[in-house]
Every structure is written in structure tokens, then in C-alpha cells.
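An overview of the molecular structure
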Amino acid sequence: MGIESTAHTFGVGIVDSDGRILANVMKTYKPVSGGIHPREASQHHAAYAAEAVAEAFEIAGIKPNDIDAVAFSQGPGMGPCLRTGATVARTISLSLGKPLIGVNHGIAHIEIGKLVTKCTDPVVLYVAGGNTMVVALVEKRYRILGETLDIAAGNCLDAFGITAGIGPMPAAEIQASKGSKIYEFPYKVKGMDVSFSGILTAAERLLKGGADLSDVCLSLTATVYSMLTEVTERALAMTGKPSLLLVGGLARSRRLCQMLETMCRDRDVSFNVVPPEYAGDNGAMIAWTGLLMHNCGALLDIDKSMVKPKMRVDEVEACWSL
């Protein structure tokens, strides 16, 4: 069983040793206005936790004692939200006498993507509301080849959409399809790293100056996606890996997928994208990664199960990898 609670989603997933996803229940906090408030989100998670767990067991068609281990998202994420999920996981672990496993949220996105796409050794572009990075597995560790220096790509697009009154993604991309003019935005690629805060400021300034919303959205998405495609192509050239895997919430972006697919075709590299139901935060990805860790003995004592809001993917040894 896997418990996900890093941000707006409280998820409970159950998987078996054959990689079959038996249940993937999600309860999502939706703020009345603005972005995610960590305390309110954690209260939402606490309110729906028991319901989500019971629903997962019912969908999976198993009893609580049938599970072999309990995994939870240990980090990175919002502290209050992480602590709620960890408390639920500890409670289930102790009450059933099952091992506890702390999972890195970013690695879970990667591993569920590899599972459902059958992609084995890719360069991974992980883009979401809170994370943006290009990684590759080298010597049993996911090495960060490039990442955002400030805000994540998803956060940039979400923040602009909320400011513009159209809401978070995919609102900006939908609006961009109506645009016809592209403004020049700060294109910040520094080696393998990217920076999006200046782009967000420029977009908000244009909108306040009376520019057409559709044109601003077109310019914003085109710039952000071009930067992501550039650093990803450089990572493929540097590593020589034969495939690309796109994971995270922005894997649902049709335009980003089109740009990456074109780049991969030009480089004779296979392009793989995680299906929409597993692109966002979900419990199945925590359960599957927890199973991989369980199989190589990476268990966690209760007294060492504190959450890590700033946990990085390169902190964890991928002991399950070949």
C-alpha cells in the first residue's frame, strides 16, 4: 500500500508484485481561491484519509492484513501535508504489524512512468507544479543533470493562470491555442539549468499593460516548453541514452509532448510519456516504488520516519536497479 500526501492530493494506491495496480484512490484539495494553503490541504487530507484507505481496500478486493508493507511519500513536499500522510502510514503499519517504507516522491513519479510505459533506461524529464528536473540513472542513483534554479515550470504556468483569472494548468495552454502573436520573454537556460521566475514576471507585466491574454499565454507556454526541450535534448546528447520519459503533472500537456516527440524523432530516440491518470500525484506510484524498495530491504524504522520536505532524488540509492 502507498500513501501520497505531498501537496493537494491525498492518494492511496495498492499494487501487487507483478506490477498490477489494484487500486488508485485520490482525494484532491481544491482551494477556493489562489494556490495551495499547506495547513488547509493537510486538514483536507486528515478528513478524507480513512475514507480513501477504506475505498482502496474495497476496490482492490483485499483485506488490510493482505498487504505486505506500507509506503508513504517522505518528501519532498509541503511539511503539514507530508506529516499527515506519514501519520496515516505509521498508524496502519503499527496496527497491522507491517514494515514501513519512506519513498522519495520524485523517484516515485519516475518509477511509475517506467512501469506503465515499459521504458527501462531513459533520460527523464520530470515537470510538475513543484518540481522541474532532468535526471538519469547512473550507478544506482538518479543523477540530476539539470533543474530549475527558482520556481518549477508547473508553478510558473499555474501562478500566471491564477493571476490572469483563468485558473491553473491546463488553462494557460488552452488559452494559448487562441493566440497568434509571440512576445519575446527572458529565455533563461544556464548550462543544463533553467529559470522561470523572470518569465512569470514578464508575462504578468504584459497582461497588466493590456496585451491580449491569448497572445501572452502563447508566448509563455512556447518559451517554457522550448527551454525544457532544449535542456532535455542536451541531456540525451550527453548521456547517449536511447529513450526519453516524460513524467509529472505537465506530462498531460499536449503541446509539450508534441515538441519533445519532434525532438526525439529528429534524434532517433524513443519518446515515452506517463499516462494522464499517473501523471499527477497518486498513491499507486508510492506503492510501486515502495514495493521495489521492500524487495531490496530498504525499510524504515518508525523512529526514523520523519518527513523531509526538501528531499532530493539524488539522496536515495536505487538499490532495486540493475
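Thresholds, definitions, all that
- Here the residue index of a chain counts from 1 through its sequence in written order.
- Residue-level local features of this predicted model are given only where pLDDT is at least 70; pairs of side-chain atoms are given and counted only at 80 or more, and the full residue set underlies all totals for whole chains, interfaces and linings.
- Each side-chain value is worked out from all heavy atoms of the structure, with water and hydrogens disregarded.
- Here, any two strands with at least 2 DSSP bridges between them count as paired.
- Counting from the N terminus, the helices are the DSSP runs of H or I reaching at least four residues and the strands are the DSSP runs of E reaching at least two.
- Seen with the strands pointing away from the viewer, any crossover whose path from the first strand over the helix to the second strand runs clockwise is right-handed.
- To estimate how far a helix should reach, multiply one less than its number of residues by 1.5 Å.
- Any residue under 20% of the maximum accessible area for its type is buried, any over 50% is exposed, and the rest in between are partly exposed; the area is computed with a 1.4 Å probe on protein chains only.
- Read the arc as the range of directions from the helix axis to the C-beta atoms.
- Working rule for contacts: check all heavy atoms of both residues, and any pair within 4.5 Å makes them a contact.
- Disulfide: a pair of cysteine sulfur atoms within 2.5 Å of each other.
- The axes used here are C-alpha line fits, helices contributing only the stretch in contact, and every angle between their N-to-C directions lies in the interval 0 to 180 degrees.
- Geometric relationships in this document are graded by angle, where less than 35 degrees denotes roughly parallel, more than 145 denotes roughly antiparallel, 65 to 115 denotes roughly perpendicular, and other angles denote oblique.
- Two helices cross in a left-handed way if the nearer one is turned anticlockwise from the farther one by less than a right angle. They cross in a right-handed way if the turn is clockwise.
- We place a 1 Å grid over just the protein atoms. Points where a 1.4 Å probe fits but has no way out form a cavity, open points with protein on both sides within 12 Å along at least 5 of 7 lines form a pocket, and any residue with an atom within 4 Å of a point lines it.
- Grid points are joined across faces, edges and corners, and a volume is the space filled by probe spheres set on the points.
- Residues are grouped as follows: nonpolar covers Ala, Val, Leu, Ile, Met, Phe, Trp, Tyr, Cys and Pro; charged covers Asp, Glu, Lys and Arg; every other residue, Gly included, is treated as polar.
- Charge counting treats Lys and Arg as positive and Asp and Glu as negative, with His and both chain ends excluded.
- For salt bridges, the criterion is a side-chain nitrogen of Lys or Arg within 4 Å of an Asp or Glu carboxyl oxygen.

Comments concerning the pairing of strand S12 (residues 270–273)
As paired elements, strand S11 (residues 243–247) and S12 share four bridges and run parallel to each other. Counterpart to Leu244 in the pairing with S12 is Phe271. On the question of chirality, the crossover connecting S11 to the parallel S12 by way of helix H8 (residues 254–267) is right-handed.

Let's talk about H8
Every α-helix winds through 3.6 residues per turn, so residues three or four apart in the chain are directed the same way. Spanning 14 residues, H8 covers 20 Å between terminal C-alpha atoms, matching the ideal 20 Å at 1.5 Å per step. When we look at burial in H8, the residues that qualify are Leu256, Cys257, Met259, Leu260, Met263 and Cys264. Within H8, the buried residues cover an arc of 165° as seen down the axis, which keeps them to one side. With respect to the buried face of H8, the exposed residues turned more than 90 degrees away are Arg254, Arg265 and Asp266. Check the buried side of H8 and you find it contacts strand S6 (123–127), helix H7 (213–239), S11 and S12. Positive backbone phi, at 60°, marks Asp268, one or two positions downstream of H8.

Describing the state of the cysteines
All chains considered together, the criterion is met by one disulfide. Between Cys296 and Cys319 runs a disulfide, and the two sulfur atoms are separated by 2.0 Å. In this pair, Cys296 sits in the segment after helix H9 (283–295) while Cys319 sits in the segment after H9, placing the two residues 23 residues apart along the sequence. A residue is classified by how much of its surface remains accessible, and Cys296, at 32% relative accessible area, is partly exposed. Sulfur of Cys119: no disulfide; nearest cysteine sulfur belongs to Cys264 and is 10.0 Å away.

Focus on the packing of helix H1 (residues 38–60) against helix H2 (residues 79–96)
When two helices pack together, their arrangement is captured by the angle between the axes and the distance separating the axes. The contact between H1 and H2 brings their axes to 8 Å, and the two run at 25°. Here H1 lies roughly parallel to H2, going by the angle between them. Where H1 crosses over H2, the handedness of that crossing is right-handed. Contacts between H1 and H2 involve Pro38, Ala41, Ser42, His45, Ala46, Ala49 and Val53 from the former and Pro80, Cys81, Thr84, Val88 and Ile92 from the latter.

Details of the pairing of S6
S6 sits mainly inside the fold: five of its five residues count as buried. Burial of the side chains of S6 extends over both faces: Val123, Leu125 and Val127 are buried on one face and Val124 and Tyr126 on the other. Of the pairings in the sheet, the one linking S6 to strand S7 (residues 132–137) comprises five bridges and is antiparallel in character. Bridge pairing links Leu125 to Val134 in S7. Taking the residues between adjacent antiparallel strands as the criterion, S6 and S7 are bridged by four residues. Pairing between S6 and S11: four bridges, direction parallel. Bridge pairing in S11 places Tyr126 opposite Val247.

As for empty space enclosed by the protein
Under the criterion given, the structure shown has one cavity of 30 Å³ or more. Considered as a void within the structure, the largest cavity measures approximately 30 Å³ in volume. Lining the largest cavity we find Leu125, Thr132, Met133, Val134, Gly146, Glu147, Met192, Val194, Leu228 and Val231. Of all the secondary-structure elements, those providing two or more residues to the lining of the largest cavity are S7, strand S8 (142–147) and H7. In terms of residue class, the lining of the largest cavity is built from seven nonpolar, two polar and one charged.

Concerning helix H4 (residues 153–164)
The terminal C-alpha atoms of H4, which comprises 12 residues, lie 17 Å apart, in line with the 16 Å expected from a rise of 1.5 Å per residue. Inspection of H4 places Ala153, Gly154, Cys156, Leu157, Phe160 and Gly161 among the buried residues, and these make up the whole buried set. What you see down the axis of H4 is that its buried residues fit within an arc of 165°, all on one side. Against the buried residues of H4 lie S7, helix H6 (197–208) and H7. Phi for Gly165, located one or two positions after H4, is positive at around 85°.

Side note on the side chain of Asp215
Along the polypeptide, Asp215 turns up in helix H7. Here Asp215 sits buried without a salt bridge, and the closest side chain of opposite charge, Lys181, lies 6.3 Å off (N-O distance). Sequence-distant contacts of Asp215, defined by excluding residues within four places in its chain, comprise Gly179, Ser180, Lys181 and Tyr183.

Quick word on the pattern of salt bridges
With the rule as written, the count across this model stands at nine salt bridges. For Arg267, the salt bridge identified is with Glu233, shortest N-O distance 3.8 Å. Remark: Glu233 occurs in helix H7 and Arg267 occurs in helix H8; sequence separation between them is 34 residues. Relative accessible area serves as the criterion here: at 34%, Arg267 is assigned to the partly exposed category. On the basis of relative accessible area, Glu233 is assigned to the partly exposed category, the value being 31%. We note a salt bridge from Arg312 to Asp314, for which the minimum N-O separation is 3.5 Å. Residues joined by salt bridges that share partners form a network here, namely Lys27, Glu51 and Glu55.

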